[in-house]
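# Chain and residue survey
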Amino acid sequence: MSDGDLISELYAGCFRRLVVQLYAVTGDLTEAQEAVQEAFTRALVSPRRFAALENPEAWLRRVAVNWARSRYRRRRVLDGLLRRIGPPPAVADHSPEHLALLAALRVLPEGQRHALALHYLVDLPVDEVAATLGVSSGTVKSRLSRGRVALAALLADTDTSDATATATATATGTKCAPDATETGRIDVRS
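Residues numbered from 1 in each chain as written. Predicted model: local features only at pLDDT ≥ 70, side-chain atom pairs only at ≥ 80, totals over all residues. Heavy atoms only, no water.

### Notes on unusual backbone geometry
Short version of the rule: Only DSSP runs of H or I with at least four residues qualify as helices, and only runs of E with at least two residues qualify as strands; both kinds are numbered from the N terminus onward. Any residue under 20% of the maximum accessible area for its type is buried, any over 50% is exposed, and the rest in between are partly exposed; the area is computed with a 1.4 Å probe on protein chains only.
For Asp123, which is not a glycine, the phi torsion comes out positive at approximately 65 degrees. Residue placement: Asp123 occurs in the loop between α6 (110-121) and α7 (126-133). You can call Asp123 exposed: its relative accessible area is 63%.

Okay, structure coming up:
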């Protein structure tokens, strides 16, 4: 049996049992699963040395417990530091306008959304936005322009379905007939 097969066999046979044991130690199922997974990852680093162990399951358990304890200590230190700093700053308001803006931003294509957020919300200049996104300044300017037009259409006080269709068409750069139906026909009775 190869070293990799031994680890696979142990994983299939011991993973659940180790998770249950670590759950008793940590009190958190996700934390227990991560600790056991980390132990198996460390076993994969040197499979020959792991295969030579007399009791591999006990080694896995010890590594998982040590990892969980170490993580707990680091978390305690971080919590203490955060308490000294004080409460976190106030997050954005939950006014209807703010929620509408966030909903409208989610509709936009990713490039436009990132450009708008970095330029207007983070207050970065166009050149820094371009460097952050890895695109040219001209691309950022184009995304900002298209994004503003799409946001204006989405946030207008008109019919939401027409605004969404217009904004989506504007954001993607396609033309959209204002009276187009879902079947693609155009109403010519205007």
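Having seen the structure, we can now continue with the description.
### Some words on the pattern of salt bridges
We apply this condition: Any carboxyl oxygen of Asp or Glu that lies within 4 Å of a side-chain nitrogen of Lys or Arg is treated as forming a salt bridge with it.
For the structure shown, the criterion picks out six salt bridges. The closest approach of N and O atoms between Arg42 and Glu38, which form a salt bridge, is 3.0 Å. Separated by four residues within a single helix, Arg42 and Glu38 lie in helix α2 (residues 29-45), roughly one turn from each other. The partly exposed category is assigned to Glu38, whose relative accessible area is 24%. The partner of Glu57 in a salt bridge is Arg61, with the nearest N and O atoms 3.5 Å apart. Highlighted residues: Glu57 and Arg61, both in helix α4 (residues 56-85), separated by four residues, approximately one helical turn. What makes Arg61 partly exposed here is its relative accessible area of 29%. Linked through salt bridges whose partners overlap, the residues forming this network are Glu31, Glu34, Arg71 and Arg75.

### What to know about the confidence of the model for the protein
The cut-off we apply is this: Confidence scores per residue from the predictor, reported as pLDDT, run from 0 to 100. By definition, residues are in contact when any of their heavy atoms lie within 4.5 Å.
In this model, the protein carries a mean pLDDT of 80, and residues with pLDDT of at least 70 account for 77%. Averaged over each element, pLDDT in the protein is lowest for helix α9 (residues 160-172) (49) and highest for helix α8 (residues 137-155) (93). Scored below 50 in pLDDT, residues 158-167 makes nine contacts in the model with residues more than four places away or belonging to other chains. Residue range residues 175-190 is modelled with pLDDT below 50. Its contacts to residues more than four positions away, or to other chains, number seven contacts.

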